[in-house]
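Fold and geometry: a report
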Amino acid sequence: MTSYTPDELFTSTAPYYARFRPGYDQAFYDMLAARFALDGTQRVLDLGTGTGVLALPLARFVGHVTAVDPEPGMLDEGRKLAAEQDITNIDWRQGDSTTLLSMGLEPVLLTVMGAAFHWMNRDQTLRDLDQLIEPNGAVVLASGGAPGDLEPAPWLQVIADVRTGYLGPERRAGSGTYSHPKERHQDVLARSPFSNVETARWDRTVTRTLDEVIGLQFSYSYSSPAQLGDHKDAFERDLRQALTEFNPDGVFDEVVRTEAIIATRP
């Protein structure tokens, strides 16, 4: 088994994450802007920002974004993307859900989280956020929806078969394996200070080339370059061959969901 630290694992995904992840539907940001009357003056916290998937688009709607992540490699990639897009109102801070109350953060209207909330002690994080979020503010969770919500594109099984051949059937994450939390985010929110919970969804079809499909795999912690180690090139070669045999025209469509859970105080 390849040896790596969690920092190396996530740092190795950062360039692929920024380039190949589809991001969230523009309608999601438009909904937040309308719902919370975002007019370029508000403060927002993006907790577990990664490379700024949420922070970068939101920065155009608000006065200031604090983008927090434990991984320096992710923050470096986010800073680079912000500079490329001439976005100057994001403060990139190293930290996580356990450091929220010791970082000297100012009150925020919204705390947004992408696929980071499931890694946290969710109940404690929400109690801490209750001290940071303004009275009329909200917790907003963005994701691709729960596993199994959408019929997966058939070519995803081809990838899973190749990945299993190299890394085994478990989704490895950090020094252990990842499993989705048993309790839904909505149920955790319902017993939190932000117990008024609603969900919105938008679906769109994303079309990728073969190179984009392969690049996407290296954005996941469970098939990252650090995870694959010396086998990365062989994995890429076998994956390219299997996908080409499955779909010779090299065009790969996938229905991608944006799901937003908006939780406010009652």
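Here goes a summary of the coordinates provided. Because the structure is predicted, anything quoted here is derived from the model rather than measured.

Right, let's get into the overall build of the protein chain. For the protein chain, the helix and strand inventory stands at 10 helices and nine strands. Relative to a compact globule of 266 residues, whose C-alpha radius of gyration would be 18 Å, the protein chain shows 19 Å and is just as compact. Here the C-alpha coordinates of the protein chain stretch approximately 55 × 40 × 35 Å along the principal axes. Taken over 266 residues, the protein chain has a buried fraction of 49%. The long-range share in the protein chain, meaning contacts at least 24 apart out of those at least 6 apart in sequence, stands at 81%.

All right, on to the sheet that holds strand E9 (residues 251–264) then. Two pairing modes exist for strands in a sheet, parallel and antiparallel, and in both the strands are linked by backbone hydrogen bonds. Read from one edge to the other, the open sheet built from seven strands follows the order E3-E2-E1-E4-E5-E9-E8, with strand pairing classed as mixed. Two strands in the sheet have a free side with no partner beyond their single neighbour: strand E3 (90–94) and strand E8 (196–209). Strand-to-strand, the axes of this sheet are offset by a mean angle of 20°, without reference to chain direction. Pairing geometry for E8 and E9, over 14 bridges, is antiparallel. Paired with Asn 196 across the two strands is Thr 264, which belongs to E9. This element, helix H4 (residues 72–84), spans strand E2 (64–69) and E3 of the sheet and lies at about 170° to E3.

All right, on to helix H2 (residues 26–35) then. Among all positions in H2, only Phe 28, Tyr 29, Met 31, Leu 32 and Ala 33 are buried. Tucked inside the fold, the buried residues of H2 contact helix H3 (55–58), strand E5 (133–143), E8 and E9. Phi for Ala 37, located one or two positions after H2, is positive at around 50°.

Below, the discussion takes up the packing of helix H6 (residues 155–167) against helix H10 (residues 232–246). Interhelical geometry of H6 versus H10 gives an angle of 150° and a closest axis separation of 10 Å. Judged by the inter-axis angle, H6 sits roughly antiparallel to H10. Handedness of the H6/H10 crossing: right-handed. The residues of H10 that touch H6, namely those facing Trp 155, Val 158, Ile 159, Val 162, Arg 163 and Tyr 166, are Ala 234, Phe 235, Asp 238, Leu 239, Ala 242, Leu 243 and Phe 246.

Phe 28, Leu 32, Phe 36, Leu 38, Ile 90, Leu 110 and Val 140 are the most contacted members of the largest nonpolar core, which totals 32 residues. Those elements giving two or more residues to this core turn out to be H2, H3, E2, H4, E3, strand E4 (108–113), E5 and E9. No other element matches the five residues that H2 contributes to this core. Sequence-distant contacts of Leu 38, defined by excluding residues within four places in its chain, comprise Leu 32, Ala 33, Phe 61, Val 62, Leu 109 and Leu 110. Counting 22 residues, the second largest nonpolar core, distinct from the first, contains Met 113, Phe 117, Leu 126 and Leu 189.

Our focus in this paragraph is the side chain of Thr 258. Checked against the element boundaries, Thr 258 lands in strand E9. A polar side-chain atom of Thr 258 sits 2.9 Å from the main-chain amide nitrogen of Asp 25. Once residues lying within four places of it in the same chain are set aside, the contact partners of Thr 258 are Tyr 24, Asp 25, Phe 28, Ser 143, Ala 200, Arg 201, Trp 202 and Arg 204.

This brings us to the side chain of Asp 128. For Asp 128, the location among the structural elements is in helix H5 (residues 122–129). Of the side chains bearing the opposite charge, Arg 127 lies closest to the buried Asp 128, which forms no salt bridge; the N-O distance is 6.1 Å. Apart from residues lying up to four places away in sequence, Asp 128 is in contact with Ser 97, Leu 100 and Leu 101.

Quick look at the pattern of salt bridges now. Evaluation of the coordinates by the stated rule reveals 17 salt bridges. The partner of Arg 257 in a salt bridge is Asp 149, with the nearest N and O atoms 3.9 Å apart. Highlighted residues: Arg 257 in strand E9 and Asp 149 in the loop between E5 and H6, separated in sequence by 108 residues. Given the relative accessible area of 15%, Arg 257 is considered buried.

Under the criterion given, the structure shown has nine aromatic pairs. Positioned above the aromatic ring of Phe 218 is the side chain of Lys 232, whose terminal nitrogen or guanidinium carbon lies 4.4 Å from the ring centre.

This paragraph deals with the pairing of E2. Judged by how many residues are buried, E2 sits mostly within the fold: five of six residues are covered. Strand direction decides the pairing type here: strand E1 (residues 43–47) and E2, joined by five bridges, are parallel. Bridging across to E2, Asp 46 finds its partner in Ala 67. Following the chain from E2 across H4 to the adjacent parallel E3, one finds a crossover that is right-handed.

How each quantity is defined
Residues numbered from 1 in each chain as written. Predicted model: local features only at pLDDT ≥ 70, side-chain atom pairs only at ≥ 80, totals over all residues. Heavy atoms only, no water. Helix = DSSP H or I, 4+ residues; strand = E, 2+ residues; numbered from the N terminus. Rg over C-alpha atoms; globule rule 2.2 N^0.38 Å. Buried < 20%, exposed > 50% of the residue type's maximum accessible area, 1.4 Å probe, protein only. Contact = heavy atoms within 4.5 Å. Pairing = 2+ DSSP bridges. Axes fitted to C-alpha atoms, helices over the stretch in contact; angles between N-to-C directions. Parallel < 35°, antiparallel > 145°, perpendicular 65-115°, else oblique. Left-handed = near helix turned anticlockwise from the far one by under 90°. Core = buried A, V, L, I, M, F, W, Y, C linked by side-chain atoms within 4.5 Å. Polar contact = N/O pair within 3.5 Å; in protein donor to acceptor, adjacent residues only side chain to side chain. Lys, Arg positive; Asp, Glu negative; His and termini not counted. Salt bridge = Lys/Arg side-chain N within 4 Å of Asp/Glu carboxyl O. Phe/Tyr/Trp six-rings, centres within 6.5 Å; stacked < 30°, edge-to-face > 60°. Lys NZ or Arg CZ within 6 Å of the ring centre and 35° of its normal. Right-handed = clockwise from strand over helix to strand, strands pointing away.

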